[in-house]
Amino acid sequence: MWTPEIFDFMIKKFIDKLFGKSDADASDARKVKKSPFGTRHDIPATEHGINPKLVDERAMDVVLTLKDAGFLAYIVGGAVRDLLVGLKPKDFDVATDATPEEVKRLFRRAFIIGRRFRIVHVIYGRGREHEVIEVSTFRAYLDSSQAEQVGGNERTSKSELAGMTHAVDSSGRVLRDNVWGPMEEDAARRDFTINAMYYDPETQVVVDYHNGIKDAKKKIIRMIGNPAVRYREDPVRIIRAVRFAAKLNALGFKFEDKTVQPLKSSVKLLLDVPQSRLFDEMLKLLQTGHALASVEQLKTLGLTGIYPLLDVVVDNAHQPFLNLALQDTDRRVGEGKPVAPSFLLSCVLWADVRDGWNQRLNRGEHTLPALHDAIDDTFNAKIGDVSGRGKLGGDMREIWAMQTRFEKRVGSSPYSMLEQPRFRAGFDFLRLRAQTGEIDIELADWWEKFSTAYDDERHQMIEAIRLAQLQKPQQARVRVKKADTLAADVRFAEPGDSAPDANQEQGDHDQGAPAKKRRRRRKPANRSEGGAGGAVGPAPEA
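Residues numbered from 1 in each chain as written. Predicted model: local features only at pLDDT ≥ 70, side-chain atom pairs only at ≥ 80, totals over all residues. Heavy atoms only, no water.

1. Regarding the nonpolar core
Right, so step 1: Counting residues in each nonpolar core, the largest one holds 65 residues, and the members touching the most others are Met282, Ile306, Leu309 and Trp400.
Right, so step 2: A per-element tally of this core places helix α18 (residues 341–362) first, with nine residues.
Right, so step 3: Contact partners of leucine 309, with chain neighbours within four places excluded, come to Phe279, Met282, Leu345, Val348, Leu349, Lys382 and Ile383.
Right, so step 4: Core analysis: the second largest hydrophobic core is formed by 29 residues, Ile75, Leu83, Ile133 and Tyr199 among them. (Core = buried A, V, L, I, M, F, W, Y, C linked by side-chain atoms within 4.5 Å. Buried < 20%, exposed > 50% of the residue type's maximum accessible area, 1.4 Å probe, protein only. Helix = DSSP H or I, 4+ residues; strand = E, 2+ residues; numbered from the N terminus. Contact = heavy atoms within 4.5 Å.)

So this is what it looks like as structure tokens:
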């Protein structure tokens, strides 16, 4: 029986045959028409198995607030990936069809940040306990060839980029990406399939466009689209790839071959990325609880030249002090404790500071000036202008400078040390030095006990150190005679120079200056009256 559908099919086949089109051509046409944005799959809780108790209540609040206002809103990205594999996410990001301005109006403490990629930070809590929920608007999937092209970069083309919503530089790197679009396009422009899923904590449905759940189950890290093109669009994806691989390696995740193949050849693209952004990405690589695994990934993939400080970490990670510092950082992150970037970078550069410091001490320079000079040289050589001159650099300097002050354990010095804002960071640094045998463990134990003791016990500890110093044999002072000084001046004088006159021993620059009065040293008072048991020795440290 002929139906209208059969009739239309026969007519279509007749026309295709008339114009020489085969069934294979029709099949190819159907393949071309396939959506580049993937196919939407709504996965219920019975299939994906996410534990809703692992969802942060503040992320839930952001989603519900946006939905109550009539917008779409989902938890997105790495948080969904972690929930799928049974991990509790460290950070929660939310994606919505609301614009940044619309998001900001819904929350009391919300701030629009970024130029290249405008997002909103919704802040909960205050101080160290505060949490940031990052909210991004669905982005449109745009061909880079259709974007406005800029000859320079972010710094050299600021005026030209003003007002642009989609712009690339001459290499194809995206400089502006602020064109809003539908959810399926937002999914297509994300980097890896396992990071392109959307979770609605209210309905507990996962929306998946690119088989991210399948890749999560197969434990594959796969780039959406052409990997080489995606790395060129945003070279920072190279660092993100290393970070994901390091984090998921313990769970058995591996790179897809096509995804890992262009990584090494694409590293040169990072030269055009702002140094401040690379600095932030390096800190993420080292402070997400997988620092040692990240170093191993960089070595395995042969990736060097990403960022100078990162190369220092990779080269020195085997040294006991830095290795222990990286282990300690991973442990603290795993325990949910805060990690200060200044402390970690102090550990990374300590070998350079210590070596420069020792060289100066061996030349006879004074302790503190020698340390500060070594720090300046290290900053100039390894950090440059990025963050090394700001608060982070100031904190690093303070951690290093405190190491000399820990030696002073008498008088009021120990009490003033406890009042230092970064005492804990300085002490943790001291403890690492003691654990690797750089200093006596007794010094670290003393400070640990002193920091937790009551006032009377602290006084006893300081008095014990004072008495121990008094009982040490006094080192005889060596007085340099004027004759010896003059002889040395003659010995090191250049050929042809006349011998210095005895009346010119202070140098030509002191001629005409009034003669200095010599201080008469008083005889030491009877120490037995001061409660020291009459012991004679060097004066206690200040």
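So, next bit.
2. Brief notes about unusual backbone geometry
Right, so step 1: The phi dihedral of glutamine 204 is positive, around 65 degrees, even though this residue is not glycine.
Right, so step 2: Position of glutamine 204 relative to the elements: it lies in the loop between β10 (197–200) and β11 (205–208).
Right, so step 3: Judged by relative accessible area, which is 26%, glutamine 204 ranks as partly exposed.
Right, so step 4: Phi angles above zero are rare outside glycine, and asparagine 211 is one such case at about 60 degrees.

3. What about the environment of leucine 269?
Right, so step 1: Along the chain, leucine 269 falls in the loop between α13 (263–266) and α14 (275–286).
Right, so step 2: The sequence separation of leucine 269 and tyrosine 231 amounts to 38 residues, and the corresponding C-alpha distance is 8.3 Å.

4. A closer look at the pairing of β10
Right, so step 1: Of the two faces of β10, the one carrying Met197 and Tyr199 and the one carrying Tyr198 and Asp200 are both buried.
Right, so step 2: The pairing of strand β2 (residues 73–76) with β10 spans two bridges and is antiparallel. Residue pairing for β10: isoleucine 75 is matched across the bridge by tyrosine 199.
Right, so step 3: Taking the residues between adjacent antiparallel strands as the criterion, β10 and β11 are bridged by four residues, where glutamine 204 takes a positive phi near 65 degrees. (Pairing = 2+ DSSP bridges.)

Distances and angles like these do not, on their own, reveal function.
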